[in-house]
Amino acid sequence: MARKKAFKAESKRLMDLMINSIYTHKEIFMRELISNASDAIDKLYYKSLSEKLEDVDRGTLQIDLTLDKAQRTITIEDNGIGMSKEELEENLGTIAKSGSFDFKSNNETDEDIDIIGQFGVGFYSAFMVADKVEVVSKQYGSEDAYHWMSENSDGYEITKTQKDTSGTIITLYLKENTDDENYDEYLESPTIQRLVKKYSDYIRYPIKMDVEESRKKEDSDEYETVVENKTLNSMVPLWKRNKSDITKEEYDNFYMDKFQDYNPPLEVIHTSVEGTVSYNALLFIPSKAPVNYYSNDYEKGLQLYSSGVFIMDKASELIPEHFRFVRGLVDSQDLSLNISREMLQHDRQLRAIATRIEKKIKSELLKLLRTDREKYEAFWNTFGTQIKYGVYNDFGANKEMLQDLLMFYSSKEDKLVTLDEYVSRMNEDQKEIYFISGDSVEKIDKLPQVELVKEKDLEILYLTDDVDEFALQILNTYKEKTFKNISQGDLDLASDEEKKKVEETAKDNEDLLNALKEALKDEVSDVKISTRLVSHPVVLSAADGMSFEMEKVLAQMPN
Ligand code: ADP
Ligand code: MG
C-alpha cells in the first residue's frame, strides 16, 4: 500500500478555491485535459523527428476518449511522451510550480480569483467534475509505469503498475449529481462531441471516440445502430485556417486555452505571409497584463512551429522588448526542426520574420487607434508604460517604430491624445510641443505655470508617469517640433508690450528684488518679475536642463 502524500499546502487551498469558484464553466476540464494530452504528443513527435527515433510511428499518435455510464467514468488517453514517477509528483502534486505565484492566503476577493484564472490550473480542473482521478503513465524510453490517484483532491498516492506503451491514461470518476449541478451530462456522447468541437477542434492529432450511429441497413428500410470510432476534431490548426471562417469565439477559446488567460484577448492579429520567408502568425494582445508581467518571472516570446510541428515555447527573439506583452505563435516551413534556442539569435529567416512581426504589430495598433479609439485607450492604459519605456530604453533607436503610438493627456481635449493630433492642432507660430509633469492630471491643472499657457489658448500635455519626461527627452523631436517643459526656462510667450512692462516693473522694484535675492540666496538662483503668471503671485521655475520632476524620479531610483 502506498503512503498517501499531501498536496503542497498552497495547492490544496488553491484547488478548493478553483473548484468552487473560478470556472463558472465546469466543462472546460475537457479542453484542459485534451490540451495536456496534445502537448504530451507534441513532445514525443518533436523528439522522434529531432532524434530520428525509429520506434515512434508518428501516424498513430492520437487521443482516445471513452465514456462509461456504468462506472460513471470518462477516460482520456494519449500515446505521447508520458510521465516518470518524479514527473507525476512534480507536475500533478503541486500547483503554480513556476514560483511566480505568491498566493495570498488570507482573502478570497474577486481579485484573487482573477489571479488564479491566469495560471495553468489545467490538470486540477478535473476535480471540478470528478471526486476521484486516476492517472496511469509510462514515460517514453522507460520500462516502468506508475499509477497516480487522488480522491476529493485530498492528497495523492503513487504506486507502480503495468502499461505496455508510453503515454498517459487519465480516468475521471464523476461526482454525483446535485440539485444545481448535473455531472451525468458529461457521460453523454453528444455533450463530449460538442465540447471537443468547441474547444479542441484545432488539435493536430485525432481525438477519437466510439460513437453510436443509426444507419440504414443495406438493401432494406430498417435501421441499425453501429458503433464507429470517429475522429471528433477537424485537426486543422486554427492559424492555418481562413481568417474569414474563424469566429471570435474560436479565437477567444484558442487564446484562453493556449495562453492560460482567464480573459479573452483585446485584439487578435492573424497574418499569413508568402515570400522570401513564409509563415503564419497568430498574435494576441491580452486585455489585462499577466500578474507577473512587471516582474522578472515574465518571459516574453512566441511559440514556434515548423510546418505545424511545435518546436519551442517563448522564442524571445521573435518579439522586441517594447512589444513583450504580445502572446501568440509563429509557424513557418522555412525553419529547421532542429533549431535550438542558441541558434535562434543567428537564424536569418527567424530575424526576417521577427522584423515583419514587429512592423505588423505596430501597424495593427495604429489601425486600432484609427478605428476603435476606446479599445486603443484600453490597450494604452494597460501597456502604454511598456511602450514609453521602449522609447526610453533604446535611446531613440525605436523612435520611428513607437512615436506614433504614444498618448498623453491633453489640457485642451481633456483626454489622451497622440503627438500627431497635438502637432496637427498647433497654430503657425507655436514652435514647440508644451508639456508639464506632475503626480496627477488634477494636481498639474492647478499649477501656476499651466494657467498662463492655457490662457493663451495653447495645448499642454500633462505627463503623469515617471517615464514620460525621459521618453520625450529621448525622442527629442516629433515631426521636427521640439518639446518644451513649461515649468522650465523662458517660454517666450509674452508680447513686446508685456515684456516692456515687466522690464519697467523690475526697474521700479529693483530694491525689493535685490532684498529677496539676498534673503533667498541659498534657496534659488535668481528672482525675477515674471510674464508667466496670471492669478498666482509666485512660481518656482527650474532652469533649463533637468526638470524638478526628473530630479524627483532620479532621486527615488535605487543606486
Ligand atoms: P500546464 O499544462 O499549463 O503545464 P497542467 O496542470 O495542465 O499545466 O499540467 C501540468 C503538467 O503535467 C504538464 O506541464 C505536464 O508536464 C504534465 N502532464 C499533464 N498531463 C499530461 C499528459 N497527458 N502527459 C504527459 N504529461 C502531462
Ligand atoms: Mg495544461
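Criteria and thresholds
Residues numbered from 1 in each chain as written. Chains lettered and ligands numbered in written order. Predicted model: local features only at pLDDT ≥ 70, side-chain atom pairs only at ≥ 80, totals over all residues. Helix = DSSP H or I, 4+ residues; strand = E, 2+ residues; numbered from the N terminus. Buried ≥ 20, exposed ≤ 12 C-beta atoms within 10 Å, placed from the backbone. Pairing = 2+ DSSP bridges. Axes fitted to C-alpha atoms, helices over the stretch in contact; angles between N-to-C directions. Contact = placed C-beta atoms within 7 Å. Core = buried A, V, L, I, M, F, W, Y, C linked by C-beta atoms within 7 Å. pLDDT = per-residue confidence, 0-100. Bend = angle between axes of the 7 residues up to and from the residue. Left-handed = near helix turned anticlockwise from the far one by under 90°. Nonpolar A, V, L, I, M, F, W, Y, C, P; charged D, E, K, R; others polar.

Chemist: I tried to follow the overall build of the chain on my own but got confused; where do I start?
Modeler: Check the secondary structure of the chain and you find 17 helices and 19 strands. Counting the 559 residues in the chain, one finds 32% classified as buried.

Chemist: Looking at this structure, I do not really get the sheet that holds strand E16 (residues 432-437). What am I missing?
Modeler: Spatial ordering of the open sheet is given by E15-E14-E17-E16-E19-E18, a layout of 6 strands whose pairing is mixed. The open sheet terminates on both sides in strands that have one partner only, identified here as strand E15 (416-418) and strand E18 (477-478). Strand direction decides the pairing type here: E18 and strand E19 (residues 481-485), joined by 2 bridges, are antiparallel. Residue pairing for E19: Thr477 is matched across the bridge by Thr482.

Chemist: Mind showing me how you'd approach the sheet that holds strand E4 (residues 145-151) here?
Modeler: With mixed pairing, the 8 strands of this open sheet are ordered in space as E5-E4-E3-E6-E2-E1-E7-E8. Here the strands that pair on one side only, and so sit at the sheet edges, are strand E5 (157-161) and strand E8 (223-231). Sheet twist, expressed as the mean angle between neighbouring strand axes with direction ignored, is 25°. Direction of pairing for E4 relative to E5: antiparallel, over a ladder of 5 bridges. Each residue of the ladder has a partner; that of Ala145, found in E5, is Thr161. Its contacts with the sheet place helix H3 (residues 85-92) against strand E3 (130-138), E4 and E5, and it is angled at close to 25° to E4.

Chemist: Looking at this structure, how should I read the pairing of E8?
Modeler: Successive residues of a regular strand alternate their side chains across the two faces of the sheet. For E8, a buried count of 0 out of 9 residues is recorded, marking the element as mostly open to its surroundings. The hairpin formed by strand E7 (residues 207-216) and E8 contains 6 residues between the paired strands, and Asp219 there has a positive phi angle of roughly 55°.

Chemist: In this structure, what is going on with helix H14 (residues 466-475)? I would like to understand it.
Modeler: Every α-helix winds through 3.6 residues per turn, so residues three or four apart in the chain are directed the same way. Extensive coverage of H14 is indicated by the burial of 7 of its 10 residues. Of all the residues in H14, the buried ones are Val467, Asp468, Glu469, Phe470, Ala471, Leu472 and Leu475. At the exit of H14 stands Asn476, carrying a positive phi of roughly 70°.

Chemist: What is the right way to read the nonpolar core from this model?
Modeler: As a rule of thumb, nonpolar side chains are buried together in soluble globular proteins. One finds Ala126, Val330, Ile460 and Leu461 to be the most contacted residues of the largest nonpolar core, which totals 113 residues. If you tally residues by element for this core, the top one is helix H2 (residues 28-50), at 10 residues. With residues up to four places along the chain from it excluded, the contact list for Val330 reads Tyr279, Ala281, Leu302, Leu304, Tyr305, Leu318 and Ile353.

Chemist: Explain the confidence of the model for the chain here, please?
Modeler: When pLDDT is averaged across the chain, the result is 86; 84% of the residues are at 70 or more. In this model, residues 95-120 is a region of pLDDT below 50 whose contacts with residues beyond four sequence positions or in other chains number 38 contacts. Here the predicted complex scores 0.72 on pTM and 0.99 on ipTM.

Chemist: I tried to follow the pairing of strand E11 (residues 302-306) on my own but got confused; where do I start?
Modeler: A large share of E11 lies buried, amounting to 4 of its 5 residues. In terms of strand pairing, E11 meets strand E12 (residues 309-315) through 4 bridges, oriented antiparallel. The residue of E12 that forms the bridge with Leu302 is Ala315. As consecutive antiparallel partners, E11 and E12 are separated by 2 residues, and within that stretch Ser307 has a phi angle of approximately 45°, a positive value. Judged from the 3 bridges that link them, E11 and strand E13 (residues 327-331) form a sheet pairing that is parallel. Within E13, the residue paired with Gln303 across the bridge is Leu329.

Chemist: What should I look at first to understand helix H9 (residues 373-393) in this one?
Modeler: In H9, a bend of some 65° at Phe383 exceeds every other bend along the element. Those residues of H9 lying buried are Tyr376, Phe379, Trp380, Phe383, Gly384, Ile387, Lys388, Gly390, Val391 and Tyr392. Tucked into the core, H9 has its buried residues touching strand E10 (279-285), helix H8 (348-371), helix H10 (399-402), strand E14 (407-410), E15 and H14. Phe395 sits one or two residues past H9 and shows a positive phi near 50°.

Chemist: Please clarify how the environment of Ala40 should be interpreted in this entry.
Modeler: Mapped onto the elements of the fold, Ala40 is located in helix H2. Here the alpha-carbon distance between Ala40 and Gly167, two residues 127 residues apart in the chain, equals 7.9 Å. Among all residues touching Ala40, those that are not within four sequence positions of it are Asp78, Gly80, Ile81, Gly82 and Thr168.

Chemist: Any chance you could explain the packing of H2 against helix H5 (residues 189-200) here in plain terms?
Modeler: Relative orientation and spacing of two packed helices are given, respectively, by the angle between their axes and the distance between those axes. Viewed as axis vectors pointing N to C, H2 and H5 meet at an angle of 65°, and their least axial separation amounts to 9 Å. Considering only the axes of H2 and H5, their crossing is right-handed. Contact residues: Ile28, Met30, Arg31 and Ile34 in H2; Ile192, Leu195, Tyr199 and Ser200 in H5. In terms of residue class, the contact of H2 with H5 is made up of 6 nonpolar, 1 polar and 1 charged.

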